[in-house]
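A structural walkthrough
Residues per chain are reported as follows:
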Amino acid sequence: MGFDVGKVELHCEKNNTAHKTNDISVNRLIVRRGQSFLVTFDFHGPFRSTTDLLELTVETGPQPSEALGTRSVFGLPEGRWKRSSWKVKVHQGSVLPVGSITLDITSPADAPVGEYSLSVKTSATASVGSSLGKLLLLFNPWCQEDWVHLPEEEERQEYVMREQGLVYKGSDNYISSMAWNFGQFEDDIVDICLKLLDVNPKCLSDPAKDFSARCNPIYVSRVVSAMINANDDGGVLMGRWDGQYDGGVSPTHWNGSVEVLRRWLKYGGNPVKYGQCWVFAAVMCTVLRCLGIPCRVVTNFQSAHDTDKNLTIDDFFSDYGVRPKQSPDSVWNYHVWVEAWMRRPDLSVDSLYDGWQAVDPTPQEKSTGVYCCGPAPVKAILQGHVDLKYDVPFVFAEVNADRVTWMVFADGSKKNIFTDTVSVGQNISTKAVGSDKRVDITANYKHAEGTEKERAVYNQAVKKVNIPEENSNGIHDDKPGVSMKIVELTKPVSGKDIDLELVLNSNDNETRTLVINVNVQAMRYNGIPSSQIQTELKEQKLLPNQGRVKMFQIDLLNTTPISVTAIKLEMGFIQCDSSDIIYYLANAIGSELQYSDMMAEVVFENPLSEGLRDCFITVTGSGLLTETMEARMPLLKQGHRLRVKIPFTPYRPGPKKLVAGFNCDQFRDIKASCNVYIKPFTSVVPPLP
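Only a predicted model underlies this, so the values are computations on that prediction, with no experimental measurement involved.

What counts, and where the lines are drawn
- Residues numbered from 1 in each chain as written.
- Predicted model: local features only at pLDDT ≥ 70, side-chain atom pairs only at ≥ 80, totals over all residues.
- Heavy atoms only, no water.
- pLDDT = per-residue confidence, 0-100.
- Contact = heavy atoms within 4.5 Å.
- Helix = DSSP H or I, 4+ residues; strand = E, 2+ residues; numbered from the N terminus.
- Polar contact = N/O pair within 3.5 Å; in protein donor to acceptor, adjacent residues only side chain to side chain.
- Buried < 20%, exposed > 50% of the residue type's maximum accessible area, 1.4 Å probe, protein only.
- Pairing = 2+ DSSP bridges.
- UniProt positions renumbered as here; feature names shortened; annotations may be inferred.

What follows covers the confidence of the model for the protein chain. Predicted coordinates in regions of low pLDDT should not be interpreted in detail. On average, residues of the protein chain carry a pLDDT of 86, and 82% of them reach 70 or more. Below a pLDDT of 50 lies the segment residues 468-480, which in the model reaches 30 contacts outside its immediate sequence neighbourhood of four places, other chains included. With pLDDT under 50 throughout, residues 567-581 is counted as low confidence; its partners more than four residues away or in other chains account for 67 contacts.

Listed below in structure tokens is the structure:
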């Protein structure tokens, strides 16, 4: 005999709060795997949980099956479904009227993430159950059995729950930060993230297998890495590095991920134009945090791009000092990727490679035929275990490749003149837990430069990729004993000259006559020369065992990074700073209380001796503003200030960040930000936002 089900209560607000998904929504059921949630049934008549039938079914994806883990049938009486992966029991402690029952339902800690249908049958003869609606299931860093379990609550708050963060840019000598709005809890972002999974090529090719594989954070992070770039799979962002951004916006335009993901969905999955490494990484961070995988954005300064997998970066210079680009290898001023936290039982039966994994969505090299990278265990990179998946050799080279310099002569011959074993992989940085401080995590990736341990690990890695060691170690010079170094005497500031000195030292017992060519080139941040700035050829006599200093000056007109080289060779990148000449301020005014009226104030002062035209300011901040706000001004006169006030009503409590951008005909994408802590509204029934 069956029972008619009356009202069903999914307790969305209560469940979502317990599962820490209420920041996404309290109007739909969003829970985390491995953790129980409540459902209350009202029946038309009494219900005996020990004898009466209540059969529940959850299904996800096309062709759901219990064998693939995408379907489970379970229910009451409790002992009837012992083999079911999903479990249910009567909730203890609830006092309900006759005919009502509250159940604790628990998914397995390795269930596929995504959208599930939930249905119920109360009769064994019924062919189809009654639909109870949908639920979303996410990864659970709070569950010890989940592969993404993160032990420390403070870290879970930072790497899963924090909606704003910092991305580090610049160069190893001049590190700057920019505020970024991840916005993973905006109510439409979770659906966009699931859409991203649904249109990935693996899902389109074999959807049943793909939905089943979503139980595995290794698989999911690799799919997301491929889908953030649009190179071969209709992903989110199109990259561009040549400075031409027709049909889109400069990568420096973006302040956060939400606008990027919304644009991708709005325009039917066509790629958003344009992104570079920090945009790719920050958008991926949003997607992984939304799905429940702990992650953080990481910046590697002096980051190598090793195209031929030999763990060396080959630089070619002609005998007149200008670099001919004969190798696709390069060293970027900085490169940004993501670290995701998960176990790696696929690599070791113990926990040897568990923890942070480098995952990189920037389309640099193909991995198994697709533009993606990782997850590569950071512990494997540290130990030089480059024979492990995924893409460990590539990431190892990014942080620890040797840089080999070749002299190219007029007849086409070349000579190895120097091997730099130190400069690649500097000041690897990420935001600190609970503050805006920068944390240097270089020691996670490699042993200290100059130590025997670092060289031993490097040599071991070279052997594992079958590269002869004599091609990757040591210093090679026809006449050893002369060293060179370029030193900055003044801080590089946009619009001002830079004073440098070239320091020569000789340990030779003979007098040396050197022909020195100093060459200055404008560089893109990925190590590609964009234009010639100046060149200077001088002859210098260096006495035995003595030093000499040569002074020179560079005329600098903009904030483009520059490369300074000298043959007999020394090379350095200089990042130019505009912050010393621009006054820019973002501030929040008002009582910092959820659902209360506040004001964002942005002030920009024109530092030039001429007017600025077509000025506009953008302000964004998840939990503070539901969409990006803009204010425009056709002309800002010399020395005048533009002051903009934008009203807003914060709708989520906790630490938040206002991010403002300024653009005009002379300046592009000048950023400012401020932190705001929003106290929760304490009323039992909050007003509508």
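A few words now on the side chain of Arg-652. Within the secondary structure layout, Arg-652 lies in the loop between strand S36 (641-648) and strand S37 (654-663). Side-chain polar atoms of Arg-652 contact the side chain of Glu-163, separated by 2.5 Å. Engagement of the side chain of Arg-652 in a polar contact is seen with the side chain of Glu-186, the distance being 2.6 Å. Residues in contact with Arg-652, not counting those within four places in the same chain, are Asp-23, Glu-163, Phe-185, Glu-186, Gln-594, Ser-622, Gly-623 and Ile-678.

Within a regular strand, side chains alternate between the sheet's two faces. Most of strand S7 (residues 100-106) sits inside the fold, with six of its seven residues counted as buried. Pairing of strand S3 (residues 36-43) with S7 involves seven bridges; the strand directions are antiparallel. Across the sheet, Ser-36 pairs through a bridge with Thr-106, a residue of S7. Note: strand S6 (residues 87-90) against S7, four bridges, orientation antiparallel. Pairing of Lys-87 across the sheet is with Thr-106, part of S7.

Following the UniProt record, the feature "active site" (unreviewed entry) maps to Cys-277, His-335 and Asp-360 here. Their sequence span is 84 residues, while the largest C-alpha to C-alpha distance among them is just 9.8 Å; these annotated residues converge on one region. By the secondary structure assignment, Cys-277 is in helix H8 (residues 277-291). Mapping Asp-360 onto the fold places it in the loop between strand S17 (355-359) and strand S18 (366-367). Since its relative accessible area comes to 2%, Asp-360 is described here as buried. Setting aside chain neighbours within four positions, we find Asp-360 in contact with Ser-225, His-335, Val-336, Trp-337, Cys-372, Cys-373 and Glu-398.

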